[in-house]
Every structure is written in C-alpha cells, then in structure tokens.
Amino acid sequence: MAAKEFIVAIELGSSKMTGIAGKKNLDGSISVLAVVTEESGSFIRKGVVYNIDKTAQCISNIVKKLTTTLKTEIVHVYVGVGGQSIRSVKNNIVKNLPEDTIVTQEMVNELMDGNRNMSYQDQEILDAATQEYKVDNQYQMDPVGIQCSRLEGNFLNILWRKMFYRNLNKCFDLANVAIAEMYLAPLALADSVLTDAEKRSGCVLVDLGADTTTVSVYFKNVLRHLAVIPLGGNNITKDIASLQMEESHAEEMKLKYASAFTDNSDIDSSLNLSIDSDRSIESRKFVEIVEGRMQEIVENVWYQVPSEYADRLLGGIILTGGGSNMRNIETAFRNHTHLEKIRIAKFVTQAITAKDPLITAKDGRMNTVLGILAKGDMNCAGDEIDPNADLFAESKPATTTTTADIHREPRKVNEIQSGVVLTEAEKLKAEEEKRRAEEEAAAKAAAEEAAAKAAEEEDDKENGLKTLGKKLGNFFRKMVAEDE
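Below you will find a few notes about this structure.

Definitions and cut-offs
- Residues numbered from 1 in each chain as written.
- Predicted model: local features only at pLDDT ≥ 70, side-chain atom pairs only at ≥ 80, totals over all residues.
- Heavy atoms only, no water.
- Helix = DSSP H or I, 4+ residues; strand = E, 2+ residues; numbered from the N terminus.
- Rg over C-alpha atoms; globule rule 2.2 N^0.38 Å.
- Buried < 20%, exposed > 50% of the residue type's maximum accessible area, 1.4 Å probe, protein only.
- Areas by Shrake-Rupley, 256 points an atom, 1.4 Å probe, with all protein chains shown as cover.
- Lys, Arg positive; Asp, Glu negative; His and termini not counted.
- Charge placed at Lys NZ, Arg CZ, Asp CG, Glu CD.
- Core = buried A, V, L, I, M, F, W, Y, C linked by side-chain atoms within 4.5 Å.
- Contact = heavy atoms within 4.5 Å.
- Pairing = 2+ DSSP bridges.
- Axes fitted to C-alpha atoms, helices over the stretch in contact; angles between N-to-C directions.
- Salt bridge = Lys/Arg side-chain N within 4 Å of Asp/Glu carboxyl O.

A word on the overall build of the protein. For the protein, the helix and strand inventory stands at 14 helices and 22 strands. Computed over C-alpha atoms, the radius of gyration of the protein comes to 31 Å, more than 25% over the 23 Å expected from 2.2 N^0.38 for 484 residues, which places it beyond the range of a compact globule. Taking all 484 residues of the protein together, 47% fall into the buried category. Entry remark: accessible area of the protein is about 25,800 Å², with carbon and sulfur atoms responsible for 48%. On the protein, the mean spot of the 58 positive side-chain charges and the mean spot of the 75 negative ones are 1 Å from each other.

If you want it as structure tokens, here you go:
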C-alpha cells in the first residue's frame, strides 16, 4: 500500500549518503518507512561535495529507491549541512540609543539584520546563534521592554566556505530534487541526543564520524562554539593500512581489535594479530598505532573547548557517531580531559519504531539523519505511483516542484529558526527583494527631494514676486508723494 504522508531526510556523509523516510505519529513518535544508503567516499570528502555530477546522481538514486519502496512520488526533502571548514565566529553589534529609550522588537531585529549582513571573505553565514544581549551594563536573553541608552547584541555566526555551500545547492538542482529545508546537521543532532539538563548545565557534544569529528559546546541552553576537525575513523584505518595491507583489511582489523585505550599491563607482547593467512602484526604495535591517532583526535577535540567553559561542563562530554563504538572510548576522553561525566549517545531521544537493521542497531551511526528527520514538518509525499500504468502509454508531464517554488517569499531575519540554513534560491530571492526595496526607497527619496526642491523654487519665485511687488508699490508711492 502506498504511503500518503511522510517526511524524507537526506544526510551527505563522507562514507555513505543516507536517505530516510518516516511518518510522524499523533503520540510524537516516528515510524521509519524506508532507509536507503549509497557509498559516497569517491565524491564526498570530509563531509563536503567534491564531485558535483556524481553527488547529484547519488541523490537522484536515493530518491528513486525511496520512491519505489514508498510507491509514492517525493516532492521535496530535508537536508543536513555539515562537514569540513564549518566554524563559529563571535560578533558584536552595538546600537546607541537616546537616554531612557525602551527597547522594542524592531530594535532587536535591526541588530540581528546587522549581524546577518556581515561579510566574511569566501565564507557564507549558515546560521547565527544569539548568545545574549547587553542592555547598558547588564546581560539579558530578551531585552524587549527594558529601558536603556546602549543595546549590544552578541552573536555566534556559523560559517562555511561559499564554494561548498553553492556546490551542495547545485547538486540538488541538477538532481531535480527540491529542498524543503536545510538544517545545520550538528544542531539537529544536538537537539536529538542531548537532554535539556545537559545543554543548560554545560556540555560538549562530540560526533565521531568517518572523515571528520564535530565538536559542539553548549552552556545555558545556548550554542557557544562549533568546529569541525578534519580527523575521523578513516584516519585510524589508513594508519593501520600503512602496515602494507588493503584498507578493507585494515577496516576489518580496526572493528575487530581496536581499542581507544589499553592499559600497559593488559598488552600481551607475545600476541600477534592476524592480517591474512600469511601475515600478522604484533599486538603492541597495533595498539600504539590506534592509540596514537586516537590521542590526536581527543587532544584536538579538547583544544576546541573555549577556556571559559572548560571548567563549567557539569553536563560532561557526550559522544556519538560511528567512532563512539570503539572500545574504551570513554576512558580515552576521561584520561585527557579529566572529566568523569562521559556518556555515549547510541540513539536519539525521540521514540522511533523501525524494522531496518541500520536503525535497530542503535549504534550512533544514524543519529544525525534521524535528527534531521525529526526536524521536518512538511509532508514530502506527492502523487501515488500506479503499479498498473502502461510504461509505453503517453503520460502527462509531471509538474516538478523546485526549491524556489517552496520558498516564494523570503523570510525575515526574526522568522528564521535556529539551525535553519537558507537555501541559495531563498538567499537570492532575499537579496533581490532587498535590492528592490533599496531601489524603491532611493526612487522615493529622489522624488521627495525633487518635490521639495520644486516647492522651494516655487516659494522662492512667489517670495520674489512679492518682494518685487512690494518694491514697485514703494516706488509708485514715492513718485506720488514727490508729485504732490
């Protein structure tokens, strides 16, 4: 039976691209209807598009496979944005006000607009997280209604290289797949695996992926720092492969033997680990290779935690992603960070029902795409596919929905939800709207100036005539007086 209502999410990972369709139930749970994965290592590197054509083809294949399973057309999808070069930058916008001015929402919107209009060389602002507002000398989360003479907005801008942003949008355009919404993947993941208490009391979310490790720092329910480290599980695999073996064999050995930390007394120097039927490697050497790279990853993660929050992380460290399945991963992080509270998020907090083993495994690998799926709120289902349709019959052309069709009206800055990344189509519309508004304002100002100038000239002319009339009157009165 064809599904009539569902949401589709797509995650572009470094090792695989995942498409998932699910239905939101009345009780808040999500029923997963279909899951499709495709290998992506040859065209997506460190979470970003490297080959546009192959990526577009992969997106198209995933949508077709989901369509076949669901027996229903897919009109648009939700997409997660992440990967290399994503970073956060703090920014302050100040507005000086007349004495005893009461802050309005319009003033706050002006600060947000000013921040969103910041330009960074070769970088695109994906999202802007409001940290807090400084009203005179006091910090407030909501300054509206407060009296002050100086209003300052503190923001955390999430940046990504413009080339990566444009390539991602271009892939979906080439695949003829409309984007319902783009989400910043690390924020969607955080909303699905972190508890409110962890975000409030301060925590570090570490997503250990294949090519990258994403670090998100939260404090008082606000994202304080975001960074993507270009190191992941594949680096460990390549290190093992340097022992003159195929990467496929190295990956098998990693999954079978690797441990993030091994006590020296537990290492058996006489033990050899089998590579294949003819070769083996000393256990101690294998441990040193894995731990050396793992230590580098842990050190880089901890380096990303801002010093002002390092000793305020009452929520601890939360590990997720495929890399979090490595044995003794908590011990490796605990030894370096000296934080006792470390948790592995094997699954999202939402109630999920599924039969697919990729979901039921609950090993952290599907958490991001499930987080994106949970964010979706627009039905992605189109027309039902007729299984009895004649393949050779002339059919009416299907109406293709584009990303631009979905976002006909550009959203104002205060309407953009946290974690939402505007598509390129929507940004172009917003820029066009802004340009049109500026041109209209300039034309209006020019017309007003011309009208004012014409009125001034008319007044000068009228005043000139009055002055001339007055002078003539005085002259004739003088002449009459002299005749008398």
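With that settled, consider the nonpolar core. In this structure, Phe172 and Leu370 are the most contacted members of the largest nonpolar core, which totals 80 residues. The element best represented in this core is helix H1 (residues 52-70), accounting for 8 residues. Among residues more than four places away in sequence, those in contact with Leu370 are Ile20, Val32, Phe347, Val348, Ile352 and Ile359. Core analysis: the next-biggest nonpolar cluster, separate from the first, contains 39 residues, Val204, Val217, Val298 and Ile329 among them.

With that settled, the discussion passes to the environment of Val81. With respect to the helices and strands, Val81 occurs in strand S7 (residues 77-81). Along the backbone, Val81 and Lys478 are 397 residues apart, and their C-alpha atoms lie at a distance of 89 Å. Val81 has contacts with Ile86, Leu126, Trp160, Leu168, Met182, Tyr183, Leu184, Ala185 and Pro186, leaving out every residue within four places of it along the chain.

Bringing the environment of Ala345 into the picture now. For Ala345, the location among the structural elements is in the loop between strand S19 (342-344) and strand S20 (352-353). Of the residues examined, Ala345 reaches a relative accessible area of 1% and is grouped as buried. Along the primary structure Ala345 and Thr18 are separated by 327 residues, whereas in three dimensions their C-alpha atoms are 19 Å apart. The residues contacting Ala345, other than those within four sequence positions of it, are Val193, Ile318, Leu319, Thr320, Gly364 and Asn367.

Moving on, we come to helix H6 (residues 233-241). With 7 of its 9 residues buried, H6 lies for the most part within the structure. By the burial criterion, the buried members of H6 are Gly233, Asn235, Ile236, Thr237, Asp239, Ile240 and Ala241. Residues of H6 that are buried sit in contact with helix H7 (247-257) and helix H8 (283-303).

What follows concerns the sheet that holds strand S3 (residues 30-39). Taken together, 7 strands build an open sheet; the order of strands is S20-S3-S2-S1-S7-S12-S22 and the sheet is mixed. Of all strands in the sheet, those with a lone pairing partner are S20 and strand S22 (420-421), marking the two edges. Judged from the 2 bridges that link them, S3 and S20 form a sheet pairing that is parallel. Looking at the pairing, Ser31 lines up with Thr353 of S20. Contacts from H1 reach strand S1 (7-12), strand S2 (16-24) and S3, with the element oriented near 140° to S3.

It is worth spelling out the pattern of salt bridges at this point. All chains considered together, the criterion is met by 18 salt bridges. In this structure, Glu110 engages Lys95 in a salt bridge whose closest nitrogen and oxygen atoms are separated by 2.6 Å. On the criterion of sequence distance, the pair formed by Glu110 in helix H2 (residues 105-116) and Lys95 in strand S8 (residues 87-102) is long-range, its members being 15 residues apart. As a salt-bridge pair, Arg116 and Asp127 come within 3.5 Å of each other at their nearest N and O atoms. Remark: Asp127 occurs in strand S9 (residues 123-135) and Arg116 occurs in helix H2; sequence separation between them is 11 residues.

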